[in-house]
Each structure stands twice: as C-alpha cells, then as structure tokens.
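# Residue-level structural notes
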Amino acid sequence: MKQGVSDVNGIGGEHDVDVRLGARLAELRAERGWSLGELAERSGVSRSTLSRAERAEISPTASLLNRLCAVYGRTMSQLLSEVEAEPALLVRAAGQPVWEDRASGFVRRSVSPPHAGLRGELVEGRLAAGADIAYDRPPVPGLEQHIWVLEGALEVTAQDISHHLDTGDCLRLRVWGPTRFRCPGAVDARYVLAVVLP
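Since this is a predicted model, take the numbers as computed values, not measurements.

A separate point is the packing of helix α2 (residues 36–43) against helix α4 (residues 62–72). For the pair α2 and α4, interaxial distance at closest approach is 9 Å and the crossing angle is 100 degrees. As judged from the angle between their axes, α2 and α4 are roughly perpendicular. Contacts from L39, R42 and S43 of α2 reach α4 at R67, L68, V71 and Y72. Tallied by class, residues from the contact of α2 with α4 come to 4 nonpolar, 1 polar and 2 charged.

Let us now look at α4. The element α4 is extensively covered by neighbouring structure, given that 8 of its 11 residues are classed as buried. Among all positions in α4, only A62, L64, L65, N66, L68, C69, V71 and Y72 are buried. Backbone geometry just downstream of α4 places G73 in the positive-phi region, at approximately 65 degrees.

Rules used throughout
- Residues numbered from 1 in each chain as written.
- Predicted model: local features only at pLDDT ≥ 70, side-chain atom pairs only at ≥ 80, totals over all residues.
- Heavy atoms only, no water.
- Axes fitted to C-alpha atoms, helices over the stretch in contact; angles between N-to-C directions.
- Helix = DSSP H or I, 4+ residues; strand = E, 2+ residues; numbered from the N terminus.
- Parallel < 35°, antiparallel > 145°, perpendicular 65-115°, else oblique.
- Contact = heavy atoms within 4.5 Å.
- Nonpolar A, V, L, I, M, F, W, Y, C, P; charged D, E, K, R; others polar.
- Buried < 20%, exposed > 50% of the residue type's maximum accessible area, 1.4 Å probe, protein only.

Next up, the structure:
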C-alpha cells in the first residue's frame, strides 16, 4: 500500500495527484539537465526512490519532498501548487488542497492560495498524537516561520533548541538547519504555520 500524498478533497484521486507530482518532479530535474544520479547526490535520496517517485510508483513522504524542495529552491506549498489548477484569489475551505503523509501522521492543508509572486502563505498542520517529523534542512535557507498552536501541544526543535508550545502559543523563527515537529501529547496537535520567504 502506498503512503504519502493523498487527495482527501475528492478533486481527482490519490493516483492522479501522485502522477501529476511525479511528472512535475521529472520536469524540474529535466529543466536542470540532471541525471537521477546527480539529483541523488544533491538531495541525499537514492536513485531508485527518486525514479519511483517520478513514475508515481510511490507517494513521497514529507521528508522526501522537503529534501527535493531544498534542491529545487521551492517551499512545499509552491511545489504542490504547481500540480494543482491555476491559483485563485479566494479558496473556500472545501477547496483548500490537503496533503497527507500517512507514514508520519502529518496532514497539511494549504489555507492561502500559493502564488509565485507572493512571499507569504498560511498552512494548517495536524500531527497525530505521538507523531514525530524531522526535516534535515529548510526548503529555502532563512525561511521565516510563525507556528501558532490551535489545539493540543507541539514540540518544535530548531538550531538544537527545543520549544514546547501549548494551545494558543506562537513561536517565530528563521530556519537555517534541521527542524523537528513532534506531538508529545495524547491528543492530536493542530496548528497554523505562516511561512514567509526571505
């Protein structure tokens, strides 16, 4: 059973999203003239995993997409928006794209319509109780993040400093290196992530 990207809004099936995402990843690599081997060296992801993701044989995890976003100089929202329809000025709640990494218990909703000409975006994140996601690098160095916890508790580690956030707490940081998001409680954590490109 594949894990990773899913379209829980019913706007096309899970496989359709995988196929569009795989095709876009292949396009980005081709635009740079890189072989799978070169991309593997740059991203730290094996050639076989990259090949399977481009052919939609697997759904990439959040960690894998983060590595590829770092190589391609995009945020995850930007990459995912490139496989969706043209962005609108207004996106109703029912039409906000949802992406799920079932392997880690992470659900990501793109609240604000991403646009190439804008530097900020809002994302709703949900981590299942006990979920733990580690990113080895930011998609864009110096990315500004504001993390506001709406429900539950969240532990965010950046620059080797761990921050415990309870409901209502907000953490602001610039991301230069590895980060980790963990839901330490017995209930899911739901939070708003405001992302601003440097």
